[in-house]
Amino acid sequence: GESVGLHLPTLSVQEGDNSIINCAYSNSASDYFIWYKQESGKGPQFIIDIRSNMDKRQGQRVTVLLNKTVKHLSLQIAATQPGDSAVYFCAENPRSGGTSYGKLTFGQGTILTVHP
Amino acid sequence: DAGVTQSPTHLIKTRGQHVTLRCSPISGHKSVSWYQQVLGQGPQFIFQYYEKEERGRGNFPDRFSARQFPNYSSELNVNALLLGDSALYLCASSLATHTDTQYFGPGTRLTVL
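I will try to describe carefully the structure that is included in this document.

What counts and how
Residues numbered from 1 in each chain as written. Chains lettered and ligands numbered in written order. Predicted model: local features only at pLDDT ≥ 70, side-chain atom pairs only at ≥ 80, totals over all residues. Heavy atoms only, no water. Buried < 20%, exposed > 50% of the residue type's maximum accessible area, 1.4 Å probe, protein only. Helix = DSSP H or I, 4+ residues; strand = E, 2+ residues; numbered from the N terminus. Pairing = 2+ DSSP bridges.

### Some remarks on the pairing of strand β9 (residues 87-94) of chain B
All names here are of chain B. Within β9, eight of the eight residues are buried, which leaves the element mostly enclosed by the surrounding structure. Of the two faces of β9, both are covered, the one formed by Ala-87, Tyr-89, Cys-91 and Ser-93 as well as the one formed by Leu-88, Leu-90, Ala-92 and Ser-94. Relative to β9, strand β4 (residues 31-37) runs antiparallel, the two being bridged by seven bridges. When the bridges of β9 are listed, Ser-33 appears paired with Ala-92. Where β9 meets strand β11 (residues 108-112), three bridges bridge the pair, whose relative direction is antiparallel. Following the sheet pairing, Ala-87 is matched in β11 by Leu-110. Looking at chain direction, β9 and strand β10 (residues 103-104) are connected through two bridges and run antiparallel. Each bridged residue has a counterpart across the sheet, and for Ser-93 the counterpart in β10 is Tyr-103.

Take a look at the structure:
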């Protein structure tokens, strides 16, 4: 069945360090991947996305890498700040024919804690 | 610009009751999706609506239903509530296609006693 999973449920880093959060996916039909950040008591907040025709995409302090060969996705956060502390989810959106289909399949999440 | 809004913020119900949750998408967005997030887990897809039609349904019982209105707002209805329905219910809106970014609202926290 479809699944998106994370290797590490928790990650603790020092302020200023770089953080890497990993994610494995199993649906080879997925062509769109998204990273969300969720703070306590809030809804998921979009961070960055990547389509399957790309290997890398950069945003402000964040980079997403996609390795389709091993079905692996990672989120890199540069110069991590205490405000980055949250749960991070990867999600995949498999294509379903040619129709619009917005079913996101989420991983279990990684808790990122940034120590000052 | 306003983001996705949901109401109510919190809700307490008892077993067997029904509940209606509401969502207003970002202006210009025509697609609304509903997700259930149980504590400690990632969101689980329930429904997607686009142009007032159901375009996708997750693995949820028929007690769950939804609809989308002409102004693209949406309602999620859950009948015969069970204790296991206690969760954060999230609404997400997107422009249209499956590769359009889904933006989430703050959610409705439902507690079933």
